[in-house]
Amino acid sequence: MPLPENENQRLELLYQYQILNTPPEETFDDLTQLAADICETPIALISLVDAEREWFKSKVGLTALEVPRNNSFSSYTILQNDILIIPDTLKDERFAENPLVRSAPYFRFYAGVPLIIASGFALGSLSIIDFVPRNLTLKEQAILQKIARQVIRYLELHRQQKNDANQININFLFRNHPHPMWIYNQNNLQFLEVNEAAIAQYGYSREEFLQMRICDIRPLEDVPILLEYLAKNQAESHFSGRWQHRCKDGQIIDVELLTHAIDYAGYDARLVVITDTTENKQIKRTLRESEARFRAVTETIPVPLVISRVSDGLILYANIEFIQTFRFAPDDFVNCLVSNLYHDAKEFQVLLEALAHQRSLQNYELPLKRADGTSFWAIASLQYLTFNGEWAILAVLSDITERKNTEVKLQEQNEFLQCIFARIPLMIALIDAEGKLQWVNQEWEDVLGWQIKDFQNSDLLSALYPDPEYRQYVINFMQSAQRTWGDFRTQMQDGRMLDTSWTNVSLPNGQIIGIGQDITERKQTEGTLKAQAEREQLMRAVTQRIRQSLNLQNILNAIVKEVRDLLEVDRVVVYQFALDMSGTVVAESVESGWTVSLGQKIEDTCFQTGGGVEYHQGRKRAVANIYEAGLSDCHLQLLEQFQVKANLVVPILLKVGEENAGSLWGLLLAHQCSRPREWEENQLDLLDQLTVQIAIAIQQSSIFQQAQNELAERQKAEINLRNALAEKEVLLKEIHHRVKNNLQIVSSLLQLQSQTLKDPEVIRVFRDSQNRIDSISLIHKNLYTSPNIGQLDVAEYIENLATSLLISYQIVPGQISLETHIDSVNLNIDQAIACGLIVNELISNALKHAFPQQQPGKIIIALRNVGNNIEMIIQDNGIGLPHDLDWNNTDSLGLSLVFDLVTAQLEGSITVESQQGTVFKIQFPKLDLQQPISDGSSENFSR
């Protein structure tokens, strides 16, 4: 805000007019209205500008009494010597951001004439204002200036009137003024008058003062300075200064002088008002020292600290921490208002109102703005104080941005958790250490029907669990703080008991969070599943008993007992009909104290007269109360005979033929004798399922009886078959024995015949034939000596055969070793004879030709299964076969016989290797032991 030159003198003159804050006067109001009418503007003002404001002496179209000087248009007008015209305030950079332009009353046009008095100082302005841009004609400007001169005349008149009124009291005020005052001749510096306070302050009498000059009360060293100062300011109407004066007793005091030029008794004089500042100087010195200490302390305080003026919010002092926190540059801090730290001026205004109301504020949280535009949260403590003689506000700040961010996050988390708690389908309750309910979610109130307000002055647990013993069980569960679920019966607001499940979480402060859910449906499901499991277990037990036992009576006795235990009834019976529709209780399980019906023959006239036809059709019946079921009298009498109050009746039907229809065998009944009873559907279904199992047991028992009879017949037939088989086995053994004996006779005949021969070749032929016969004889011997006539021990047979050949050829023991590798193979008798002959021929051939000159050696015989074939290998490590041997044209009867046996008899193949010894590898297909390889062995042998 610009200031005129000699602003202090201008203000001094303004105050001399004594017009500020005076009531409206008709003369000034008429001039204001005249200016508005001539220029046709909605607003006209006569205003005076003091140090802080533009005050309106007269106004048209405006209700405000004044505006701050920093927003004042007249502050610029008084800098002019002529009229100031602003056609459009928005286009003038001095006023474009002015609050009076940007907000109500939205000034857009301004014209002001400075009110310049005779001394050349402008005290204020005559101005006109409009809400739209415009301009003034030269004529309007001239008239406005004439009106301004009239305003000045009235101001002077007002001043003269005030002076005349004041002159009456001036002598009285002068003499009795509390501060020392004197009047001196400006030309010779002679005292012309002094007041009583000056006489008392300085110790001189009035007469002594009037004989002295103002230089006489100055220290000698100050006199040249004084004279120079007076000469320099002689033309000024008033001036001030600080000096030292010497009292009559020699005391030097510090004073502050305010000098005014006056006309006194024809003299060009000056009135001097003296203020003793000796004590004030000492106070100021103390204050400076205190201020130094204050600055030293505030600069070391690690928190932002700022002092702002109350009147306009100007920052008077800020410590380094404050400057760094708000990121001020040195230039930014000049003439900075504390309101600039706030995002919204309304926030600052609310803060000032709160401070004015409470006189001090502690821990006031508010958002602030740094110099670079960034924001942060601070906690402030504010209080009023006097700083350099001005009312000010001390603010101590602390940056709590991080804490606020944390609070915001916590708030968001709390809102998120509350949202979850509100939506989660679980009951949640917060209970303090004394068991008092603190908070519940909506689900808790909806499920239990209680409201949290119901427990403000009552015990929560007593209401939810009225039974003291059960309530203690709940308390023990809560105090255990185990994170497990427990099932409880909780009382609702309407008195009903609800199945609930709870778990609890113990907090460090002793509070408990209970989390629960309605498990009514689960309990019902569990009950259903339990009943179903029990039914299934019963059905499995019955089924297993039926499978394990064919005794119908034991099965029926077990069924009635287990059904009575499962249904918890007083009696369960199985009732069997006779052909005349009378019946007998064939199985019963009854509670002690009730009538026993087992074994009693019951004559039910209802059945015998055609009643109960529906049971033939498979109808089931559940009677909750026999007296309310519409039963016939004969039926009621029968039930009363056995004390029945309620019952379940299910027919036992036996399936006949392939149709679904069945015959009525009897009834399965459950009796409740102690009271009427409401039955469940699944209980009737259980009995229905059991009747199926009973029917199966009955039919199974019948089938078992039939099987027993058939088994007895079969056992007789089996004895006859075994006797016939035994006779056949004896006959077969006898046949094999006789065949073997006959072959042995032939072998003996050959042996006797060979003893009469002389030709070695013929003897060899006889011996070979004898060996072949012995191999066949050995098979028949094994067959009739075997425990199982249909089984031939091939391994034993081949080993015996090979051993007998070694003996036959008189091989020295140890000269030729024999190895056998015989698997468990199945051979019929024809295959066994053929294999025996092949082994006989090949081993005989090896013994005769493979080991000349009693050369030692080894013969290996192997027989094993290879897929669908049987493989036989006969191997020796002798000299091998001749290289020119031709299978199709050989002189060897033995090799020819082998080839024929393999290819014709066994329908197989043979390969021969003769490198290191000789290897015969023979393969032939497996055959059924019951199927012979040919029509008869005699034909094969004849070949």
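Scroll up for the structure.
Residues numbered from 1 in each chain as written. Predicted model: local features only at pLDDT ≥ 70, side-chain atom pairs only at ≥ 80, totals over all residues. Heavy atoms only, no water.

Colleague: Would you mind going over the overall build of the chain with me for this structure?
Modeller: When its secondary structure is counted, the chain shows 26 helices and 32 strands. In the chain, the share of contacts with a sequence separation of at least 24, taken over all contacts with a separation of at least 6, comes to 55%. Put simply, the chain shows about 52500 Å² of open surface, and 50% of that area lies on carbon and sulfur atoms. (Helix = DSSP H or I, 4+ residues; strand = E, 2+ residues; numbered from the N terminus. Contact = heavy atoms within 4.5 Å. Areas by Shrake-Rupley, 256 points an atom, 1.4 Å probe, with all protein chains shown as cover.)

Colleague: Any chance you could explain the packing of helix H23 (residues 794–808) against helix H24 (residues 829–849) here in plain terms?
Modeller: Contact geometry for H23 and H24: axes closest at 10 Å, N-to-C directions at 35 degrees. Every pair of crossing elements has a handedness; the one defined by H23 and H24 is right-handed. Across the interface between the two elements, Tyr797, Leu801, Ala802, Leu805 and Leu806 of H23 pack against Ala832, Gly836, Val839, Asn840, Ile843, Ser844 and Leu847 of H24. Among the residues making up the contact of H23 with H24, the classes are represented as nine nonpolar, three polar and no charged. (Axes fitted to C-alpha atoms, helices over the stretch in contact; angles between N-to-C directions. Left-handed = near helix turned anticlockwise from the far one by under 90°. Nonpolar A, V, L, I, M, F, W, Y, C, P; charged D, E, K, R; others polar.)

Colleague: I tried to follow helix H1 (residues 7–16) on my own but got confused; where do I start?
Modeller: Within an α-helix, residues lying three or four positions from one another point in the same direction, as the helix has 3.6 residues per turn. Along H1, the residues classified as buried are Glu7, Gln9, Arg10, Leu11, Leu13 and Leu14. On the buried face of H1, the contacting elements are strand E1 (43–49), strand E6 (122–130) and strand E9 (238–246). Phi for Gln18, located one or two positions after H1, is positive at around 50 degrees. (Buried < 20%, exposed > 50% of the residue type's maximum accessible area, 1.4 Å probe, protein only.)

Colleague: What is the right way to look at the packing of aromatic side chains in this model?
Modeller: Aromatic rings considered in pairs are described by the distance between their centres and by the relative angle of their planes. Following the criterion strictly, the structure yields 29 aromatic pairs and no others. Ring centres of Tyr76 and Phe95 lie 4.9 Å apart, and the angle between their planes is 70 degrees; on these two criteria the pair is classed as edge-to-face. Highlighted residues: Tyr76 in helix H3 (residues 74–77) and Phe95 in the loop between strand E4 (84–86) and helix H4 (99–102), separated in sequence by 19 residues. An angle of 55 degrees between the planes, with centres 5.4 Å apart, marks the rings of Trp182 and Tyr202 as tilted. You can see Trp182 sitting in strand E7 (residues 181–185) and its partner Tyr202 sitting in helix H6 (residues 196–202), a full 20 residues away along the chain. An identical accessibility class is assigned to Trp182 and Tyr202; each is buried. An aromatic cluster of at least three residues, connected via ring pairs, comprises Phe73, Tyr76, Phe95, Phe107 and Tyr110. When the ring centre of Trp377 is taken as reference, the NZ or CZ atom of Lys404 above it lies at 4.3 Å. (Phe/Tyr/Trp six-rings, centres within 6.5 Å; stacked < 30°, edge-to-face > 60°. Lys NZ or Arg CZ within 6 Å of the ring centre and 35° of its normal.)

Colleague: It is not clear to me how the pairing of strand E32 (residues 918–925) should be interpreted in this structure. Could you clarify?
Modeller: Consecutive side chains along a regular strand alternate between the two faces of the sheet. Of the pairings in the sheet, the one linking strand E30 (residues 869–876) to E32 comprises eight bridges and is antiparallel in character. Bridge pairing links Glu871 to Gln923 in E32. Note: strand E31 (residues 909–913) against E32, five bridges, orientation antiparallel. Residue pairing for E32: Ser909 is matched across the bridge by Gln923. Between E31 and E32, which follow one another and run antiparallel, lie four residues, and Gly917 among them has a positive phi close to 95 degrees. (Pairing = 2+ DSSP bridges.)

Colleague: Would you explain the sheet that holds strand E10 (residues 252–264) in this entry?
Modeller: Strand pairing in a sheet is mediated by backbone hydrogen bonds. Such pairs are either parallel or antiparallel. Reading across from one edge, E8-E7-E11-E10-E9 is the order of the five strands in this open sheet, with antiparallel pairing throughout. Because the sheet does not close on itself, it has two edges, and the strands there are strand E8 (191–194) and E9. Pairwise comparison of adjacent strand axes, ignoring direction, gives a mean angle of 30 degrees for this sheet. Where E9 meets E10, nine bridges bridge the pair, whose relative direction is antiparallel. Across the sheet, the residue bridging to Phe239 is Thr259, located in E10. Of the strands in this sheet, E7 and E9 touch helix H8 (residues 223–232), which is tilted by about 170 degrees from E9.

Colleague: Hey, could you run me through the nonpolar core in this one?
Modeller: Inside soluble globular proteins, nonpolar side chains tend to come together where they are buried. Leu827, Ile838, Leu842, Ile843, Leu847, Leu863 and Ile922 are the most contacted members of the largest nonpolar core, which totals 41 residues. Listing elements by their share of this core, those giving two or more residues are H23, strand E28 (816–822), H24, strand E29 (857–866), E30, helix H25 (893–905) and E32. Per element, the largest residue contribution to this core is 10 residues, and it comes from H24. Setting aside its immediate chain neighbours within four residues, Ile922 contacts Ile838, Leu842, Ile870, Glu871, Met872, Val902, Ser909 and Ile910. (Core = buried A, V, L, I, M, F, W, Y, C linked by side-chain atoms within 4.5 Å.)

Colleague: Could you clarify how one ought to interpret the pattern of salt bridges in this entry?
Modeller: Opposite charge on two side chains permits pairing when their charged atoms draw close. Under the counting rule described, the total for this entry stands at 29 salt bridges. Across the pair Arg309 and Asp312 runs a salt bridge, and its minimum N-O distance is 2.7 Å. Given a relative accessible area of 34%, Asp312 falls into the partly exposed group. Between Arg489 and Asp499 there is a salt bridge, and its shortest N-O distance comes to 3.0 Å. Note that Arg489 is positioned in strand E19 (residues 486–491) and Asp499 in strand E20 (residues 497–506), a separation of 10 residues in sequence. Here the salt bridges share partners, and the residues they tie into one network are Glu7, Arg10 and Arg69. (Salt bridge = Lys/Arg side-chain N within 4 Å of Asp/Glu carboxyl O.)

Colleague: Explanation requested: the packing of H24 against H25 in the structure shown.
Modeller: The description of two helices packed together rests on the angle between their axes and the distance between the axes. Where H24 contacts H25, the axes come no closer than 9 Å and their chain directions differ by 155 degrees. For the element pair H24 / H25, the angle class is roughly antiparallel. Classified by chirality, the crossing of H25 by H24 is left-handed. Contact residues: Asp830, Ala834, Leu837, Ile838, Glu841, Leu842 and Asn845 in H24; Gly894, Leu895, Leu897, Val898, Leu901, Val902 and Gln905 in H25. (Parallel < 35°, antiparallel > 145°, perpendicular 65-115°, else oblique.)

Colleague: Explanation requested: the sheet that holds strand E18 (residues 437–440) in the structure shown.
Modeller: One open sheet accounts for five strands, arranged E18-E17-E21-E20-E19; its pairing is antiparallel. A single partner strand is all that each edge strand has here, and the edge strands are E18 and E19. Strand-to-strand twist in this sheet, taken as the mean axis angle between neighbours without regard to direction, amounts to 35 degrees. Alignment of E20 against strand E21 (residues 512–518), held across seven bridges, turns out to be antiparallel. Within E21, the residue paired with Asn504 across the bridge is Gly514. Each of strand E17 (427–431), E19, E20 and E21 is contacted by helix H15 (residues 468–480), which is oriented at about 135 degrees to E19, the strand it contacts most.

Colleague: Explain H24 here, please?
Modeller: Compared with an ideal rise of 1.5 Å per residue, which puts 21 residues at 30 Å, H24 spans 30 Å between its outermost C-alpha atoms and is within 8% of the ideal. Counting buried residues along H24, 18 of its 21 residues qualify, which places the element largely inside the surrounding structure. (Expected span 1.5 Å × (residues − 1).)

Colleague: How should the pairing of E28 be read in this particular structure?
Modeller: When E28 meets E29, the two strands line up parallel, connected through seven bridges. When the bridges of E29 are listed, Leu818 appears paired with Ile859. The handedness of the E28 to E29 crossover, carried by H24, is left-handed. (Right-handed = clockwise from strand over helix to strand, strands pointing away.)

Colleague: What exactly am I supposed to notice about the side chain of Thr918 here?
Modeller: If you trace the backbone, Thr918 turns up in strand E32. Ignoring any residue separated from it by four or fewer positions in sequence, one finds Thr918 in contact with Ile874, Gln875, Asp876, Gly880, Leu881, Val912 and Glu913.

Colleague: I tried to follow the side chain of Arg564 on my own but got confused; where do I start?
Modeller: Take Arg564: it is sitting in helix H17 (residues 552–567). Owing to a relative accessible area of 15%, Arg564 belongs among the buried residues under this scheme. Side chain to side chain, Arg564 and Ser589 meet in a polar contact 2.7 Å long. Within the structure, Arg564 has its side chain in polar contact with the side chain of Glu591 (distance 2.8 Å). With sequence-adjacent residues up to four places away left out, Arg564 is seen in contact with Val569, Asp570, Arg571, Val572, Ser589, Val590 and Glu591. (Polar contact = N/O pair within 3.5 Å; in protein donor to acceptor, adjacent residues only side chain to side chain.)

Colleague: When you look at the environment of Phe191 in this model, what are you seeing that I'm missing?
Modeller: Mapped onto the secondary structure, Phe191 falls in strand E8. Looking at Phe191, the relative accessible area reads 2%, which means it is buried. Taking the C-alpha atoms as reference points, Phe191 and Ile214, separated by 23 residues in sequence, lie 6.7 Å from one another. Excluding its chain neighbours within four sequence positions, the residues that come into contact with Phe191 are Trp182, Ile183, Tyr184, Phe209, Leu210, Met212, Arg213, Ile214 and Ile217.

Colleague: What exactly am I supposed to notice about unusual backbone geometry here?
Modeller: In most cases, non-glycine residues show a negative phi, while peptide bonds are predominantly trans. In this structure, the amide linkage connecting Ala104 to the following residue, Pro105, adopts the cis form with an omega of 15 degrees. Residue position: Pro105 is located in the loop between H4 and strand E5 (109–116). Positive phi, close to 65 degrees, is recorded for Leu189, a residue that is not glycine. Along the chain, the position of Leu189 falls in the loop between E7 and E8.

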